[in-house]
Amino acid sequence: MTDDLLFSTFQLKNFTLKNRIGIAPMTRMSSDARSIPRQDVFDFLVRRAETGAAIVYTEGIVTDYESSQGYPGQSRLLTKPQIDAWREVVKGIQNAGSLAIMQMFHCGRMAWPEVNPAQRSIAPSPIPPTQDNPLTQQPYPIPEEMDAFDISHVINGFVETAKGAIAAGFDGVEIHGAHGYLINQFLSSYSNQRTDMYGGSLAGRYRFAHEVIQAVSKVIPKDKLLIFRISNWGIADMEVSLFADQNEYQEIIAKLNQEPLDAISVSTYDFKEKAFGTDKTMAALSREVCDKPLMICGKIHDRGSAEEALLHADIVLSGKSTLLNPNWLTDIKTNKNIPPFTSDQANVAYTTEIIL
Ligand SMILES: Cc1cc2nc3c(=O)[nH]c(=O)nc-3n(C[C@H](O)[C@H](O)[C@H](O)COP(=O)(O)O)c2cc1C
């Protein structure tokens, strides 16, 4: 590896990235009743673009008014005021020479129904997470098993939100298939115990993700990006391996590799950790079965870790380090000693105290 690989360009479809570093999607819970984020949250995204990141992700944006919202203050990108508000942010990000990518999110069983206008909690199977909701200190409600109407309605929410992103000028959209949220719930036998064509075998459990990707891909122009994020861990019941073993995980990545996706983003808690009892990391296992561009995230905090992460991926994403340190990219460039931040420190994300 050359010394400057991290700051070398990368061709992502028709886009030339100026370096290999992106700002990971981070929910800020700042939106008002119109589902539009606070101005300082918008400013944060533009500022991080100005610090030199090649890609800036939005927070996870919920896809409908029925059941997708799992946290207070999440944003939507469906109405004209929402689209108009995001258009300005997108321009700011692009004017700084970065790509603006919108992430789409549906919480599924990770629900707090009271924050949803329709107050519903739906999931592949009526099984709640074991862990209590950390925000309410209450058990998660038992979700309704999604029927055929719910499935098509939810897919339509992803499609309409993707259209909103395109109307706002985003360079691409990402489908959030990670962290134990709805799409991840369908993929994993831990949360999907359906006996119809959306459950059972791995092919059955993959069907929902496939239908979402296919439907969304039809509204993404050829010169824009479609990305899918995946993880083997969920925000609740974090210790559970969502995929049974290396084979199951690699079969899913191989299926994603056949989809009309421009990149796959692998989210880990710590990118260095070996996965599924093998001596390989999640990125290395993904690379074995995927020839699309790969993004990797998880405890990439200094130059050494970022360079190591690029051994099995093309782009590194940073969450907490870029959230809490506005000079992170400069610090990386100058090879400063930068310790990782903790999840507790990242709770400042839900306040107005972030240093822009
Ligand atoms: C405050 C906060 C909010 C987050 N929100 C999202 C989100 O909306 N969508 C998502 O895919 N990941 C989300 N994440 C996870 C990050 O994108 C990233 O995967 C994780 O923080 C690990 O990377 P890090 O070690 O660099 O922080 C969030 C993380 C933090 C700290």
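In the block above lies the structure referred to throughout.
These lines cover the structure that appears in this document, whether it is placed above or below. (Residues numbered from 1 in each chain as written. Predicted model: local features only at pLDDT ≥ 70, side-chain atom pairs only at ≥ 80, totals over all residues.)

## Section: the overall build of the protein chain
Step number 1: Helix and strand content of the protein chain: ten helices and 14 strands.
Step number 2: Whereas a compact globule of 356 residues would reach a radius of gyration of roughly 21 Å, the protein chain reaches 19 Å, a difference of no more than 12%.
Step number 3: Projecting the C-alpha coordinates of the protein chain onto the three principal axes gives extents of approximately 55 × 45 × 40 Å.
Step number 4: Counting all 356 residues of the protein chain, 49% fall into the buried class.
Step number 5: Long-range contacts, defined as pairs at least 24 residues apart, comprise 71% of the intrachain contacts of the protein chain with a sequence gap of at least 6. (Helix = DSSP H or I, 4+ residues; strand = E, 2+ residues; numbered from the N terminus. Rg over C-alpha atoms; globule rule 2.2 N^0.38 Å. Buried ≥ 20, exposed ≤ 12 C-beta atoms within 10 Å, placed from the backbone. Contact = placed C-beta atoms within 7 Å.)

## Regarding the site of the ligand
Step number 1: As a matter of local geometry, the ligand sits amid 23 residues, with Ala 24, Gly 60, Gly 319, Lys 320 and Ala 349 nearest to it.
Step number 2: At the level of elements, strand S4 (55-62), strand S10 (172-179) and helix H9 (320-324) are the ones that each hand at least two residues to the shell around the ligand. (Near = placed C-beta within 6 Å.)

## A closer look at the environment of Asp 262
Step number 1: Relative to the helices and strands, Asp 262 resides in the loop between helix H6 (246-257) and strand S12 (263-267).
Step number 2: By the C-beta count within 10 Å, which is 20 here, Asp 262 ends up buried.
Step number 3: On a C-alpha basis, the gap between Asp 262 and Ser 125 in space is 30 Å, while along the polypeptide they are 137 residues apart.
Step number 4: Setting aside its immediate chain neighbours within four residues, Asp 262 contacts Leu 12, Lys 13, Leu 225, Leu 226, Ile 227 and Pro 293.

## Let's talk about the nonpolar core
Step number 1: The biggest cluster of nonpolar side chains holds 98 residues, and the ones touching the most others in it are Ile 55, Ile 101, Ile 296 and Val 316.
Step number 2: In this structure, Ile 101 is in contact with Ile 55, Tyr 57, Phe 170, Asp 171, Gly 172, Val 173, Glu 174, Leu 225 and Ile 227, ignoring residues within four places of it in sequence. (Core = buried A, V, L, I, M, F, W, Y, C linked by C-beta atoms within 7 Å.)

## Overview of the packing of helix H3 (residues 148-167) against helix H5 (residues 202-217)
Step number 1: Viewed as axis vectors pointing N to C, H3 and H5 meet at an angle of 35 degrees, and their least axial separation amounts to 9 Å. Seen along the crossing, H3 lies across H5 with a hand that is right-handed. Contacts between H3 and H5 involve Ile 151, Ile 155, Phe 158, Val 159 and Ala 162 from the first element and Phe 208, Glu 211, Val 212, Ala 215 and Val 216 from the second.
Step number 2: Here the contact of H3 with H5 is built from residues that sort into nine nonpolar, no polar and one charged. (Axes fitted to C-alpha atoms, helices over the stretch in contact; angles between N-to-C directions. Left-handed = near helix turned anticlockwise from the far one by under 90°. Nonpolar A, V, L, I, M, F, W, Y, C, P; charged D, E, K, R; others polar.)

## Concerning the sheet that holds strand S13 (residues 294-297)
Step number 1: Taken in spatial order, the eight strands of this closed barrel run S3-S4-S5-S10-S11-S12-S13-S14, and their pairing is parallel. Averaged over all pairs of adjacent strands, the angle between their axes in this sheet comes to 25 degrees, without regard to strand direction.
Step number 2: One ladder, built from four bridges, connects S12 with S13; its direction is parallel. Looking at S13, one finds that Ser 267 is bridged to Cys 297.
Step number 3: On top of the sheet, H3 reaches S4, strand S5 (99-105) and S10; it is set at about 160 degrees to S5, its chief contact. (Pairing = 2+ DSSP bridges.)

## A few points about unusual backbone geometry
Step number 1: In this structure, Met 29 is a non-glycine residue whose phi angle is positive, near 55 degrees.
Step number 2: Residue placement: Met 29 occurs in the loop between strand S3 (21-23) and helix H1 (39-50).
Step number 3: With 18 C-beta atoms counted inside 10 Å, the residue Met 29 sits in the partly exposed group.
Step number 4: For Asn 335, which is not a glycine, the phi torsion comes out positive at approximately 55 degrees.
Step number 5: Mapped onto the elements, Asn 335 comes out in the segment after helix H10 (328-333).

## What to know about the packing of H1 against helix H2 (residues 80-95)
Angle between the axes and distance between the axes: these two values describe a pair of packed helices.
Step number 1: For the pair H1 and H2, the least separation of the axes is 8 Å and the interaxial angle reads 15 degrees. In terms of their interaxial angle, H1 and H2 are classed as roughly parallel. In this structure, H1 meets H2 at a crossing whose hand is right-handed. Here H1 contributes Phe 42, Leu 45, Val 46 and Ala 49 to the contact with H2, which in turn contributes Val 89, Gly 92 and Ile 93.
Step number 2: Residue classes in the contact of H1 with H2 are distributed as six nonpolar, one polar and no charged. (Parallel < 35°, antiparallel > 145°, perpendicular 65-115°, else oblique.)

## Observations regarding the pairing of S12
Step number 1: Of all five residues making up S12, five are buried, and the element is well covered by its neighbours.
Step number 2: Residues of S12 alternate between two faces, with Ala 263, Ser 265 and Ser 267 on one and Ile 264 and Val 266 on the opposite face, all of them buried.
Step number 3: As judged from the five bridges shared by strand S11 (residues 225-234) and S12, these two strands associate in the parallel manner. Along S12, the bridge assignment pairs Ile 227 with Ala 263.
Step number 4: In this view, the connection linking S11 to its parallel neighbour S12 by way of H6 has right-handed handedness.
Step number 5: With helix H7 (residues 282-288) bridging S12 and the parallel S13, this β-α-β connection has right-handed handedness. (Right-handed = clockwise from strand over helix to strand, strands pointing away.)

## Thoughts on H1
Step number 1: The first and last C-alpha atoms of H1 sit 16 Å apart over twelve residues, in line with the 16 Å expected at 1.5 Å per residue.
Step number 2: Buried residues of H1: Val 41, Phe 42, Phe 44, Leu 45, Val 46, Arg 48 and Ala 49, and no others.
Step number 3: Buried-residue contacts for H1 involve S3, S4, H2 and H9.
Step number 4: Gly 52, located one to two residues past H1, shows a positive phi value of around 115 degrees. (Expected span 1.5 Å × (residues − 1).)

## Overview of the environment of Pro 143
Step number 1: Within the element layout of this structure, Pro 143 appears in the loop between strand S8 (138-139) and strand S9 (144-145).
Step number 2: The spatial distance from the C-alpha of Pro 143 to the C-alpha of Pro 128 is 6.4 Å, given a sequence separation of 15 residues.
Step number 3: Not counting the four nearest positions on each side in its chain, Pro 143 is found in contact with Gly 108, Arg 109, Ala 111, Ser 121, Ile 122, Ala 123, Pro 126 and Pro 128.

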